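Results of the structural survey
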Amino acid sequence: MLSLNLGPMTIHPTILFDKESWVLIDTGMPGSAPAIRELAKQAGVLNVPLRSIILTHQDIDHVGGLPEFLAAEDESPIVYAHEDDKDVINGEKPMIKVSPERLAGLLAQLPEVTRNQFEQTFLYPSHPNVESTIADGETLPIAGGLTVIHTPGHTPGHVCLYHHASKTLIAGDAMVVDNGELMGPRAAVTPDMEEALRSLKKLLAFDIETVICYHGGYFQGDINKRIAELTEQP
């Protein structure tokens with residue numbers, strides 16, 4: 001897990017790596033790539049290629065750094081995302097939570113190179129960004145097995161990922177850690193809260209010892225019990 005301070009928020013992308021390559025789960029805001037790469041090096045990723053990028057969902061703080069990663073690699077990494085968010089990530093549909101006016105304001109604050117990369121990737125794409133779609137229940141042959149759990153509600157194509165070897169759930173925005181407590185998704189940025197809480201029930205099928213939340217980071221404890229409590233909320 002990487003911890004990256006972006007001023008108004010801190011995010012926690014996740015990397016999986018060995019001596020041959022590394023995998024990145026979520027890419028941060030536009031302009032985040034250099035900082036993520038530096039943190040990856042500090043974590044021990046040295047001189048190996050980025051083979052895969054898995055996007056848990058379409059939100060700009062998760063996909064915004066993608067153009068820089070695609071531009072920087074000699075061989076473009078495979079980009080994975082769920083079918084229900086694929087069209088947005090491919091630039092064929094607008095992001096559901098960012099109005100054109102807000103997006104224009106965000107882009108206007110970026111350096112020209114970063115802004116142009118974002119626009120060419122998401123606004124005027126010449127080819128799809130998502131090379132491979134992932135489905136509920138699929139186990140990717142990554143890091144000894146990474147199971148996809150489709151958890152819609154926060155976005156239609158939101159996924160969590162369960163790493164079997166470490167019994168770790170990479171939760172994306174399905175849950176957050178707030179003041180040391182594991183909580184459900186943030187209602188203000190979750191269009192269908194009822195569906196998002198129903199989606200959490202699917203996580204109970206997994207033996208979870210650790211959760212990595214994109215907002216809030218690392219959490220350990222009686223996780224399955226806590227998730228059950230969250231799904232019972234009115």
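Scoring rules and cut-offs
- Residues numbered from 1 in each chain as written.
- Predicted model: local features only at pLDDT ≥ 70, side-chain atom pairs only at ≥ 80, totals over all residues.
- Heavy atoms only, no water.
- Disulfide = S-S within 2.5 Å.
- Buried < 20%, exposed > 50% of the residue type's maximum accessible area, 1.4 Å probe, protein only.
- Salt bridge = Lys/Arg side-chain N within 4 Å of Asp/Glu carboxyl O.
- Helix = DSSP H or I, 4+ residues; strand = E, 2+ residues; numbered from the N terminus.
- Arc of directions from axis to C-beta.

Now for the state of the cysteines. Tallied over the full model, the rule gives zero disulfides. Cysteine Cys160 shares no disulfide, and the gap to the nearest cysteine sulfur, in Cys213, comes to 8.6 Å. Exposure remark for Cys213: the relative accessible area of 0% places this residue in the buried category.

A few words now on the pattern of salt bridges. Enumeration according to the criterion identifies eight salt bridges in this entry. Notably, a salt bridge pairs Arg226 with Glu229, separated by 3.2 Å at the nearest N-O pair. Of this pair, Arg226 and Glu229 both sit in helix α8 (residues 223–231), separated by three residues, roughly a single helical turn. The class of Arg226 is buried, set by a relative accessible area of 15%. Here Glu229 falls in the partly exposed class, since its relative accessible area comes to 34%. Taken together, the shared-partner salt bridges in this structure form one network comprising Lys167, Asp207 and Glu209.

Before going further, it helps to spend a moment on helix α1 (residues 33–42). The set of residues buried in α1 consists of Ala33, Ile36 and Ala40. The buried residues of α1 all sit within an arc of 65° when viewed along its axis, so they share a single face. Facing away from the buried side of α1 by more than 90 degrees, the exposed set consists of Pro34, Lys41 and Gln42. Directly beyond the C-terminal end of α1, a positive phi value near 115° is found at Gly44.

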